[in-house]
Every structure is written in structure tokens, then in C-alpha cells.
Amino acid sequence: MDIQQNISIGVVEALKSLYDLEVELIDFQPTRKDFDGDLTLVVFPYLRSSRKGPEQTAVEIGEYLKEKLNEVEDFNVVKGFLNLVISDKPYVDFLSENSSVNNFGFVEVNENSTSTMVEYSSPNTNKPLHLGHIRNNLLGYSVAEIIKASGNKVYKTQIINDRGIHICKSMLAWEKFGEGATPESTGLKGDKLVGAYYVEFDRAYKVEVKELVNGGMEQKEAEKRAPLMLEAQQMLRSWEAKDAEVIKLWEMMNKWVYDGFEVTYNNLGVDFDKNYYESNTYLLGKEIIAKGIEKGVFFKKEDGSVWCDLTAEGLDEKIVLRSDGTAVYMTQDIGTAIERAIEFGVDEMIYTVGNEQDYHFKVLFLILDKLGYDWAKKLYHLSYGMVDLPSGKMKSREGTVVDADDLMVEMTDTARAISEELGKLEEYSEEKKAELYTEIGMGALKYFMLKVDPKKRMLFDPKESIDFNGNTGPFIQYTHARIKSILRKAGDVAKADYTALKLHDKEKELVKHLMNYPNVIQLAAKNYSPALIANYSYDLVKLYNSFYQNVSILKAEDEVVKSMRVDISAFTASVIASSMKLLGITVPERM
RNA sequence: GGCCUCGUAGCAUAACUGAAUAGUGCACUUGAUUACGGCUCAAGAGGUUACAAGUUUGAAUCUUGUCGAGGUCACCA
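Residues numbered from 1 in each chain as written. Chains lettered and ligands numbered in written order. Predicted model: local features only at pLDDT ≥ 70, side-chain atom pairs only at ≥ 80, totals over all residues. Heavy atoms only, no water.

Our next topic: the overall build of chain A. Each helix and strand counted, chain A has 22 helices and 14 strands in total. Counting all 591 residues of chain A, 52% fall into the buried class. Across chain A, every contact between residues at least 6 apart in sequence was considered, and the portion connecting residues at least 24 apart equals 74%. A distance of 2 Å separates the average location of the 72 positive side-chain charges in chain A from that of its 93 negative side-chain charges. (Helix = DSSP H or I, 4+ residues; strand = E, 2+ residues; numbered from the N terminus. Buried < 20%, exposed > 50% of the residue type's maximum accessible area, 1.4 Å probe, protein only. Contact = heavy atoms within 4.5 Å. Lys, Arg positive; Asp, Glu negative; His and termini not counted. Charge placed at Lys NZ, Arg CZ, Asp CG, Glu CD.)

Structural data, given as C-alpha cells:
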């Protein structure tokens, strides 16, 4: 039984008996360091019922609790704050009972668990992944892991945007300028190769537009009339008409991209239970649009384009099908959502997509709701802010885009440089060393990206992220490695019954924090926020380091105390490893 | 211009969703260690939480306005 819960019941009883007040939920906060105590109750909300001043009310509740509950050893009152001093006993008992529990803090999944689908990554197939995708992937993966740990059945998925005008541009450019180049012939990663032709298209297209403008045409008109653009559009129509040649080219080039993505995903350590392809879902989308017209959810304009009128909801009219009958983004997303709902019967879906698409998802959810799907209310857009660089915004035109693969290599290289300088790995084989450098480099990258609240725009400073001091992944990894070193030295310490011991302040703080891990998992799941897990881990590590510095573990006063401190250490190491795993980060035994 | 986000020490960020003197890291000052791994610990300095009103016993958090940054209003995705 949770200590807080026990005391919470006590407070409910106290309020009932003292002031005849019925309260359901009591909210405690940890007592601030500068005051004496462990848990704090804010009594302001109860003043109306007590009809007394805050101090007096707090004293009355405090006396009641001290008398009725063993755990409450003492209390003090500062203004309207009732600080409760909790005896060591429940904490020591907790430690003894949980320090070696597997998956401490995780809630088991069963048949009745809510099922959640988490979509993330969802790349276009015309260019390689960049820094922005990294934030997306790490976030989506981590949120999925956290929600799983909180007790939900989770399906990870992505929708691969494999069709549309963008891939046609790459295809067209390859056909015109590629001279049969392949990943094998060029030695380029498939996604990089296809991306290069997308850039090539853009270059050639701009030349055409410029020529037209020089010939006296308006800029906008020129952009529409440039031969390359018309050809690309024609290609898209041919694709939708299933033209054999076009399909063949499309399949070949997409395959290159998928092979490239697979490498990147592997290095990132993310995975998916199911991939969806827009080339499969856009047709369902079109069907739904047709039905939606009959239902009156959509309407057709004279030119044949189909729209949804959302002006009543304070939004605009939104196009859902082009006048030439081809699908737009919205068409596909409607189809994809419905297909998933049918296939997995999930209770809720989470879309990990950047905040520049806030409007799109607002509209999508609204349309699905109008179409009458009851699950439309359980859709959530996990919207995250852009990633800026110290030099400013990433802009493809200015070539300031940070490539995902390049960045990962760079992180690993830096980890190697720093580790070699410290030279603590002589006995490791080259292979093991390489593994470790990757582990540290990726730990640095992932922690840096995930410790920031997803909603917020963030600044990615490669230099700072790889700093092994302070609030970073490697710092946490280091603490873990050091604890492991102590545990190796401790060997098999006979487990003594230490439940009668009095705790050192540092020990008590640490145990209190460990005790809170299950709550943090729930809170992080509810808020879709890996940042809460990251901050929790960092606090844990700091508390441990302080404990480590203040008391001696292996040279403890006696065997009973030593046994307890070893337990605290082992427990801390396992919670560090567990919480890092929720962020997709592994922790080494040595580093 | 309409709508949506966001403004917290020099920089990067936190605050359990309304509670105590706004935490933490980097950078800066000072100190500890004959080591259970110094990639550590302890202490110091640094803030009118963009600004102005309002609600409240209590506001970084809620309301309104001003200023600033970004996003979005495509038959692009």
C-alpha cells in the first residue's frame, strides 16, 4: 500500500470528523527542502468548512493525523501548509519489498487494457530523413513505450507517403537526368539517391520558370505552366491510372528509399508493428468521400472538386478531392484512419506530427467526427515544435538541413573522441568499444531531444548535446556504470533484514524518489511526455550521486546497513535502466 | 489581416496543471577527495517569469490588452 494513499485516507477522515466535510481526493506535494517534513498538505481549500484560520486548521488536522496514524511521526505548520514528518519504517519496508522487483512501476497489459495506436515518422519517399524526423521518431517511439508501460496495449505504426506529386518529381528527374543511376552504381544510400533527384527536379524547374518569366509571363502563371511541372502532374495521373511503365519506375525508386530508411531506423533504434502506405489507403479515402457526398457531409463544386464546409465550426472550407479527381493529403488521411480503425479496433490513436500541421489535424478529426465515427473523439495529435539550430532555422533551400544519418555518425564520433581521451576502456575489444561509442552517442542525442517538453520549439546545439556533464544522457549513463561497478565489487552481500533501520536523510530522499516512479510513468503517459521521464531520471541520478558522496556503501558501519545501501544502489540502477529504456536509451555496464 | 502556439538569469531549460523564498544544467567564483570510478560532490553569484491591468487567501500558470517570435490560412504534403 502506497504511503500517500494511506495518509490521504487519514486526511479524508480527519476532514469528515473535524469539519463534517466530504472530500474525495487529497492532493499532497512533497515538502520543500527548506522545511522539515516529507509530505505537505495545503489546507487553504478547507478553510471554508473549518471556519478557522489556516494555521489553526492545519494544526487541528495535523494533531488528528499524528494521533491516528502510525506513519505520521510529527508535523509542523507554516502558514497554510501542513508539513507531515513520516517515519522511516514505511520507506524501509518499501525498499525491502521492491528493490528487486522486475519492471517496477510498469502496469501489466491484459485483455481489458485500452489499446492505443501510435503513429510516428511517416516520411515522404522523396527525400532522406533529417533532424526534424529524428525528433519525431524519438518522440513517437518513446511515447509508445511509455504508454505501454502505463498499461495499454500499443501498436506502433507509420503511414508512408509513397504517392503524390513529390515522388513523381523525383521519378521524372531520374528519368530525364539519371542515366540509369542506381544505389549500387553510385554507392549512394537509396533514400539519398532519390532525394538528389528531387533536388535536381527543383533546380531544372526553376530554370524553366525563369525562362518563362523572362519571356514576359507572370511568376505564378509560369510556375503553373512550366513543362516539367505539367509533366510531373501528367505522371501522377498516369500513376493513378495504373500506367505500367510509371508504376514500375515508382516501385523501383520507392524500394531504394525503403532500403535506405531501414538503415536509418535501425540506427535510431525505432520499430513499427505495421506500416501503412498511402498508395493503398487513398482509394478507400476516395470511396469515403463519395459516400460523404451522399450523406451531405461534403459537397461538389461546378469544376468537380469536392469540399467540406467547416464554416459553422469557425474554420474554412476544406478541399478533400481535386477537380481532376485525384486525391489530396486529407483524402488519404481519412482513408488511413478508417482502415486502421477497422483493422485494429483500437480505442485511441495518436498522431506524432509537427505543429505546422495543427490545423490539418483539427480538420481531419472534425471531418471524421462528422462522418459519424465514434472513435473520432479519441484521436490525439501529438504536436511537437520545430527543431532550430544555433545558426537559425533549418532550410532546405539554404542547405542547412541536418541529415539524420550524418548526425548519428557525428554523435558516435564525438563519443569516441571523448572516451578515448579518458581512456578507461583498454580491456575492451575494438568491436565492444565501437558498440559503446554508439550507445553513448545515441544516448546523448536521444536524451537531449527528449528532455524538452514536446510542445515546445527547441534549439538543438550539437556541441552541448554531446557534453558529458550536466543534464545529459551520458551523465546518466555514467552514474549507472558507476553503480554497476560498486555492485560488482559488493559481490553477494547477504541480504539482512534492515527494516528496523533509521534512514540517513540522503537515503530517505532517494527512496522517496524511487517510490514515485510508478506515478511518473502514469503522468508521462497521460501527458504524452517523455520529458517527464527524462527529468525524473536526472533527479534520481543527482540524488544518488549526493547519497554516494555522503555515505559509504561498501564500508558501511555494519553488514545490515551495507545490505540496505547495496539494495538502494541496485534499485537505483534498475530504475535508471528502466526509465532510460522508456526513452529508447540503453545504459552500459562500464564506460 | 483572421486563427493557433510560444516569450522564465548570458545561454539551454523545469515547476506534479493555482500554492511556501520560481528549481536545474552550461558558463563564472570558491571549496572537498590520500577514491565504493573526479565524466563526482558541496557552496556562491546570477530573475520585476516580455509588458500592463484584472480574478483569487494565493498567479510563471486563469482572463483581457500591448509588444515580440514562430506556425497556418494551397486543387503541396
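Still to come is the rest of the account.
The environment of RNA strand B is made up of 69 residues, and the closest members are Asn161, Asp303, Arg322, Lys489 and Tyr548. By atom count, sugar and phosphate contribute 61% of the portion of RNA strand B lying within 4 Å of the protein. In the environment of RNA strand B, a base nitrogen lies 3.0 Å from a nitrogen or oxygen atom belonging to the side chain of asparagine 83. Taking lysine 489, its side chain carries an N or O atom lying 2.4 Å from a phosphate oxygen of RNA strand B. It is helix H21 (residues 530-550) that contributes the most residues to the surface near RNA strand B, eight residues altogether. When its residues are assigned to classes, the surface near RNA strand B shows 30 nonpolar, 20 polar and 19 charged. (Near = heavy atom within 4 Å. Polar contact = N/O pair within 3.5 Å; in protein donor to acceptor, adjacent residues only side chain to side chain. Nonpolar A, V, L, I, M, F, W, Y, C, P; charged D, E, K, R; others polar.)

Moving on: the pattern of salt bridges. The full count for this structure, using the stated rule, is 39 salt bridges. With a closest N to O distance of 3.9 Å, glutamate 589 and arginine 488 form a salt bridge. Placement of glutamate 589 in the segment after helix H22 (559-582) and of arginine 488 in helix H18 (residues 473-490) is noted, with a sequence separation of 101 residues between them. For arginine 488, a relative accessible area of 37% puts it in the partly exposed group. When salt bridges with common partners are traced through the structure, they connect Asp38, Asp88, Lys502, Lys508 and Lys512 into a single cluster. (Salt bridge = Lys/Arg side-chain N within 4 Å of Asp/Glu carboxyl O.)

Assignment of secondary structure puts aspartate 388 in strand S13 (residues 387-388). Using a relative accessible area of 14% as the deciding quantity, one classes aspartate 388 as buried. Not counting the four nearest positions on each side in its chain, aspartate 388 is found in contact with Lys393, Arg457, Met458, Leu459 and Phe460.

Here we take up the sheet that holds strand S11 (residues 348-354). Strands sit in the order S7-S6-S5-S11-S12 across an open sheet of five strands; the sheet is parallel. If you trace the sheet from one side to the other, it starts and ends with strand S7 (274-277) and strand S12 (379-384), each paired once. In this sheet, adjacent strand axes meet at a mean angle of 25° when their direction is disregarded. Where S11 and S12 come together, six bridges link them in parallel fashion. Bridge pairing in S12 places methionine 349 opposite leucine 379. Strands strand S6 (153-160) and S7 of the sheet are contacted by helix H12 (residues 278-295), whose axis makes an angle of about 60° with S7. Relative to S12, helix H14 (residues 358-370) is tilted by about 180°, and along the sheet it contacts S11 and S12. (Pairing = 2+ DSSP bridges. Axes fitted to C-alpha atoms, helices over the stretch in contact; angles between N-to-C directions.)

Take the domain arrangement of chain A next. Domain boundaries in chain A define domain 1 (3-86) and domain 2 (162-270). Just the C-alpha atoms count here: the centres of domain 1 and domain 2 sit 67 Å apart. (Domains from an automatic or database assignment.)

To describe a pair of aromatic rings, you give the distance between the ring centres and the angle between the ring planes. This structure, assessed with the given rule, holds 23 aromatic pairs. Measuring from centroid to centroid gives 6.2 Å for phenylalanine 261 and tyrosine 265, while their planes differ by 50°, and the two rings are tilted. Of this pair, phenylalanine 261 and tyrosine 265 both sit in helix H11 (residues 244-268), four residues apart, which is roughly one turn of that helix. Taking relative accessible area as the criterion, tyrosine 265 reaches 8% and is therefore assigned buried. Residues tyrosine 544 and phenylalanine 547 carry aromatic rings whose centres are separated by 5.3 Å and whose planes lie at 55° to one another, so their mutual orientation is tilted. You can see tyrosine 544 and its partner phenylalanine 547 sitting in helix H21, three residues apart, about one turn around the helix. With respect to burial, tyrosine 544 and phenylalanine 547 carry one shared label: buried. Ring-pair connections join several aromatic residues into one group, and the members of that group are Phe94, Phe104, Tyr517, Tyr536 and Phe571. Over the ring of tryptophan 307 we find lysine 301; its NZ or CZ atom is 3.9 Å from the centre of that ring. When the ring centre of tyrosine 428 is taken as reference, the NZ or CZ atom of lysine 432 above it lies at 5.1 Å. (Phe/Tyr/Trp six-rings, centres within 6.5 Å; stacked < 30°, edge-to-face > 60°. Lys NZ or Arg CZ within 6 Å of the ring centre and 35° of its normal.)

The next subject is the sheet that holds strand S2 (residues 39-42). Across the sheet, which stays open at both edges, the four strands sit in the order S1-S2-S4-S3 with antiparallel pairing between neighbours. In this open sheet, the two strands that pair with only one neighbour each are strand S1 (28-30) and strand S3 (72-78). Ignoring strand direction, the axes of neighbouring strands in this sheet form an average angle of 30°. Across the sheet, helix H3 (residues 54-68) lies against S2, S3 and strand S4 (81-86), angled at about 180° from S3, the strand it touches most.

To continue, consider the packing of helix H20 (residues 517-527) against H21. Two elements in contact, H20 and H21, have axes whose closest approach is 7 Å; the angle formed by their N-to-C orientations is 155°. For the element pair H20 / H21, the angle class is roughly antiparallel. Within the contact between the two elements, H20 uses Tyr517, Val520, Ile521, Leu523, Ala524 and Asn527 and H21 uses Leu532, Ile533 and Tyr536. Here the residues of the contact of H20 with H21 are counted per class, giving eight nonpolar, one polar and no charged. (Parallel < 35°, antiparallel > 145°, perpendicular 65-115°, else oblique.)

With that settled, consider the environment of lysine 484. Here lysine 484 lies in helix H18. On a C-alpha basis, the gap between lysine 484 and lysine 463 in space is 28 Å, while along the polypeptide they are 21 residues apart.

A positive phi is found at arginine 51, a non-glycine position, where the angle reads about 55°. Within the fold, arginine 51 resides in the loop between helix H2 (47-50) and H3. Of note in this structure, tyrosine 528 is not a glycine but carries a positive phi near 50°. Inspection of the secondary structure puts tyrosine 528 in the loop between H20 and H21.

Taking 1.5 Å per residue as the helical rise, H18 with its 18 residues ought to reach 26 Å, and the 26 Å between its terminal C-alpha atoms agrees with that figure. Looking at H18, one finds that the buried residues are Gly473, Pro474, Phe475, Ile476, Gln477, Thr479, His480, Ala481, Ile483, Ile486, Leu487 and Ala490. The inward-facing, buried residues of H18 abut helix H16 (430-450), H21 and H22. The opening residue of H18, the one whose side-chain oxygen lies 3.3 Å from the backbone nitrogen of phenylalanine 475, is threonine 472. (Expected span 1.5 Å × (residues − 1).)

Locating asparagine 355 in the fold gives a position in the loop between S11 and H14. Taking relative accessible area as the criterion, asparagine 355 reaches 29% and is therefore assigned partly exposed. Separated by 100 residues in sequence, asparagine 355 and lysine 455 have C-alpha atoms that sit 8.0 Å apart.

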